[in-house]
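So the chains spell out like this:
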Amino acid sequence: MRVPLSWLREYVDLPATQTGRDVQAKLISVGLEVETVEQLGDGLKGPLVVGKVLTIEELEGFKKPIRFCTVDVGQANGTGEPQEIVCGARNFAVGDKVVVVLPGAELPGGFAIAARKTYGKTSHGMICSGDELGMGDDGSHGIIVLPPEHEVGTDAIELLQLVDEVLDIAVTPDRGYALSIRGVARETAIAYGLPLRDPALLDVPQPNAFGYPVQVADPMGCDRFTARTVTGLDPEARSPLWLTRRLQKAGMRPISLAVDITNYVMLELGQPLHAYDRSRVQGAIGVRRAEQGEKLTTLDGVTRTLDAQDLVITDDRGPIGLAGVMGGANTEIDDTEGTTTEVVVEAAHFDALSISRTARRHKLASEASKRFERGVDPQAASAAAQRTVDLLVLLAGGTADAGVTEVIAPSAPHTITIPADHPDKVAGVDYGRETVVRRLQQVGCDVYGQDELIVTVPSWRPDLTDPNDLAEEVIRLEGYENLPSTLPKPPAGRGLTDRQRLHRRVGRALAGAGYVEAPNYPFVGEHVFDQFGLAADDPNRKVVKLVNPLSDEEPALRTTLLPGLLGALRRNDGRGSHDLALFETGLVFHPREELKIAVRLPVDRRPTDEEIASLTEALPLQPRHAAVVLTGAREQAGWWGKGRPSDWADAVESARVLAREAGTELLVRKGQYGPWHPGRCAELAVVVEGVEQVIGYAGELHPGVLKTLGLPARTSAMELDLDVLESASAGVPKGPKISTFPVATQDVALVVDTAVPHADVEAALREGAGELLESIRLFDVYDNAAQLGEGKKSLAYALRFRAADRTLTVDEASAARDAAVALAAERTGAVLRA
C-alpha cells in the first residue's frame, strides 16, 4: 500500500516538522511494515510553469518528426516574450496548456535544463511529459496536456503536487484495514497520540424502496450490498489533477472519471466499489453462485469459464461481474465513446474465503480481491457509496438519485471476554487495567467491565478473534522494544535425544562417504507419483495437502525424499556437474487414518503433557527418512589408475553405512518398487522385536523414470526409514573388543542357482559358522555357464574366525567352515565348488 504523506495529513494533524522518515519510524513501532519512503520530486528545481502553445512549425529533413514551438509562459521567463522550444512529441496542438521547464531548472535525476541548439534551432527549455517529471504512469506516455482553466505562468510544481513523500507499506494478511488511507491514518493517530478525522463519518440517507433493485441469493457469500444511482453525468467530464495525482502516487493509473472516483474511494476508505453503466444493466442486480461452466468476459477482455463455487453479480442476462474480483465487460463504463450519463454504484461486502479462492482459481488478483480476502469493514459500504456519489455529483455534474438500496444479512458484533491482566501475563509486563482499556479503545474496541473485560471488536478488525489477539494489540502499541529480554531456563540433564544423535551420526557418516547434503523444500505435486510409476493404491500417494500452498504446482507435503533430491541432481547435471553423490535426511508426511482437530495451545503458560499429546495426534505422521542419489563417476580416474562409475551397489552400500551407524543388522535382498529398475533393486529390511520390517529400497532407477525426469542414465538411489532403523538398533553402537589372538581365514566358493539371493546364502553361512565367526565378505561372483552349468552362479566368501581367549587350531576353523557350508547347502542347495 502506497500512502502519500500529503494525503495522510488530511486526516491526522501531523507536526509540520515530521518527515516521511519520522512517520515511518512511528508506524514501524506500532507494527506496520513500512518498507521504504519514496521522495517524489527529489532534486526538482524550477522554474516549472504552465504554458500555452502559440505556434507549431513542423521541421523537415529529420529521421523523426520534430516540431518547433512557441509557448506563452507569462512573466516566468522574465520578459513575457514567447518561449521557443524544440519538441518531438505530437500529442498536443496549438492552444493547449502544457508544462514547460525553463533554462536554469533541474529535473529529477540531476538533469539540468539550459538553452541549447538542436535540429537547427535553439530550444529554450522543454515541454514536459509525465515520465520526465517522475509522475508515474498516466496512460498517455506523452506530453502533459493540462485542462484549459489553468492560468499561464502558474507554478506547475505546486499545481501537479510534484514534491511529496510516499510511504510504501507491506500489509500482512491479518491487517487488511491498512490497505486504505483511513486505516493507516488511524495507526498514525495512535502512534502520535493525535485525534483522527475519520473519512467514513458521513451523513448517509436511510435505505428506501426507491433504490435500484437488488436480489442477494447467497447471504453467506454477500452479507451486505449497497446500491446508489447517479444520473445526469457529463460524459465529457475528466478527472481533475488532484484526483489523478493522488491515484498516481498511490500506484494506480487514471482511467476515466467514474472509475477514478471508485478507485480513489477504495484507497481512501478500503472499500472496493464498482460502477455500472445503468443503460447497459438489464433488470435487477443479483448475487449468486455461478452455474458450472457459465461464461463471463471480464474487464480485461478474457472470457472465463466459471466454477460453481464462484460468486457472481448478475442481471437478467446472466453474470455481469466476478464478485469482489473484477467486473464484466458488458456493463463497463466506456470512456472512449463518452456516452455514460447514468451510473449505478455498488458497494458490497463479500466472504473473504470465497473471494480468495475465486481469485486464485482464475489467476486474477485485483486491488479489490486483495482487500476482500484480507477483510473489509462491512460497516463502511454505505459511507463509501455516499462518498462516491458525492464525488460524481461534484466532479461530473450529476444528480444523486433519491433511491437507496441496502440488502443486509443480520449479524451481531463480535465480543470477546478477557481478564484485565491477560496482556500482562502474556508479555510478562505489568501494564495495568487502565493501559489495557485505553489501548483497546484506541484501536476502536468498546470495553466494559473491571477484572473481567467484555470487549466489542470494531467492524474493521476481523482479525481480532480471541483474547490473545487483544493482548497482541496492547503489547504492540505499548512497544515491542519495551518488552524485557529474559533467557529461558531449560531443565538440567536434557541433551540430545537418541533420534537426534542418530540423525547427526548419519549425516556425518554419509558426508564422510563422499556424499554432499542437499536439503530441499518438503512440497511435491501429485504428478510426480505417476512419473515414479507408483501403483494406484500405493500408500505414498496419500498426501497431506496444504490449504494455502506456496505454489499451486506443489500443493502437498512429500511422502518421499526422492523428488527433491532428483530435482537437485537434475539441476546440477544441467549446469555441467556430472559426477554427483547427494544425500538428504528429513521428515516425510503421511495423513492419519482419523482426522482430528488441533487444540489451540495457551500462550500464558506451558502447555500440559495432555495438550501437547492432543496436538501431536492431530498432526500427520512424520517419520524421518534418509535418501541418497548418485550419477557419474564414483571414483575419479587419474595417474593412480582407472576410475569407476557409480552403480546400484553404491546405493546399497550407503544403506549399510546407515545401518552400521544405528548398530543394527540390515537385511538386503532382491526387491521391486516404484521408480527402481526391477532387476537392479534391493529391498532393505530390519528385525524389530522379532518381526521383520521393510524400511526402504536401493539400486538403479528405471530407464523410463530417468527419461521422464530428464536424468542421466544409470542414476542410482536409496531411501529408507531412519525411525524404524533406530527402533531395530540396540542403542548407541559399542566399540568392538580387540582380541590379541590371530585370525584364521577360510575361503569358500559355493555354486547356487542364479535366482538364489546372496543375502540368503550369507545368512546361512553366518548362522552355521557359529560364534567363532568374526566377519564374512563376498569377494567374487562368477557365472560362466560353460563351467558351472546353465542357470548357475558361483559366490566366493572370505570367512574370518577368531576366538577371544585362545588361538584357533586349523581343525577348529575348518570345522566351523564345514558347518557353515553344510547349513548353506541345506537351505539354499549350495554346492561347494571344486
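Residues numbered from 1 in each chain as written. Predicted model: local features only at pLDDT ≥ 70, side-chain atom pairs only at ≥ 80, totals over all residues. Heavy atoms only, no water.

**Structural notes on the overall build of the chain**
Along its length, the chain carries 22 helices and 42 strands. When the backbone C-alpha atoms are referred to their principal axes, the chain occupies close to 125 × 80 × 60 Å. In the chain, which comprises 834 residues, the share counted as buried stands at 47%. Taking the contacts inside the chain whose residues are at least 6 apart along the sequence as the reference set, 70% of them involve residues at least 24 apart. Total accessible area on the chain stands at roughly 40,900 Å², and carbon and sulfur atoms take up 51% of it. Each charge sign in the chain was given a centre, from 88 positive and 119 negative side chains, and these centres are 5 Å apart. (Helix = DSSP H or I, 4+ residues; strand = E, 2+ residues; numbered from the N terminus. Buried < 20%, exposed > 50% of the residue type's maximum accessible area, 1.4 Å probe, protein only. Contact = heavy atoms within 4.5 Å. Areas by Shrake-Rupley, 256 points an atom, 1.4 Å probe, with all protein chains shown as cover. Lys, Arg positive; Asp, Glu negative; His and termini not counted. Charge placed at Lys NZ, Arg CZ, Asp CG, Glu CD.)

**Notes on the state of the cysteines**
Counting across every chain of the model gives zero disulfides. Cysteine Cys-87 remains unbridged, with the sulfur of Cys-69 as its closest cysteine sulfur at 5.8 Å. (Disulfide = S-S within 2.5 Å.)

**A short note on the side chain of Thr-331**
By secondary structure assignment, the location of Thr-331 is in the loop between strand E22 (326-327) and strand E23 (343-350). Accessibility expressed as a relative area gives 0% for Thr-331, which makes it buried.

**Overview of the sheet that holds strand E35 (residues 667-670)**
The mixed open sheet is built from seven strands, whose spatial order is E28-E31-E32-E38-E37-E36-E35. Only two strands of the sheet have a single partner each, and these edge strands are strand E28 (516-517) and E35. Pairing of strand E31 (residues 580-587) with strand E32 (residues 624-631), which is carried by eight bridges, proceeds in the antiparallel orientation. Within the sheet, the bridge partner assigned to Gly-586 lies in E32 and is His-625. Where helix H13 (residues 498-512) meets the sheet, its contacts fall on E31 and E32, and the angle it forms with E31 comes to roughly 175°. Against the sheet, helix H17 (residues 648-662) contacts E32, E35, strand E36 (676-688), strand E37 (691-701) and strand E38 (716-721), and its axis sits at roughly 25° relative to E38. (Pairing = 2+ DSSP bridges. Axes fitted to C-alpha atoms, helices over the stretch in contact; angles between N-to-C directions.)

**Comments concerning the packing of aromatic side chains**
In this structure the tally under the stated criterion is nine aromatic pairs. Where Tyr-521 meets Phe-523, the ring centres are 6.4 Å apart and the plane angle is 20°; that geometry is what we call stacked. Plain terms: the ring middles of Tyr-673 and Trp-676 are 6.3 Å apart, the flat faces sit at 35° to each other, and that makes the pair tilted. Exposure remark for Trp-676: the relative accessible area of 4% places this residue in the buried category. Grouped by ring-pair contacts, the aromatic residues Trp-7, Trp-242 and Tyr-264 constitute a single cluster. A cation over an aromatic ring shows up here: Lys-26 above the ring of Tyr-192, its NZ or CZ 5.3 Å from the ring centre. Positioned over the ring face of Tyr-515 is Arg-634, at 4.7 Å from the centre of the ring. (Phe/Tyr/Trp six-rings, centres within 6.5 Å; stacked < 30°, edge-to-face > 60°. Lys NZ or Arg CZ within 6 Å of the ring centre and 35° of its normal.)

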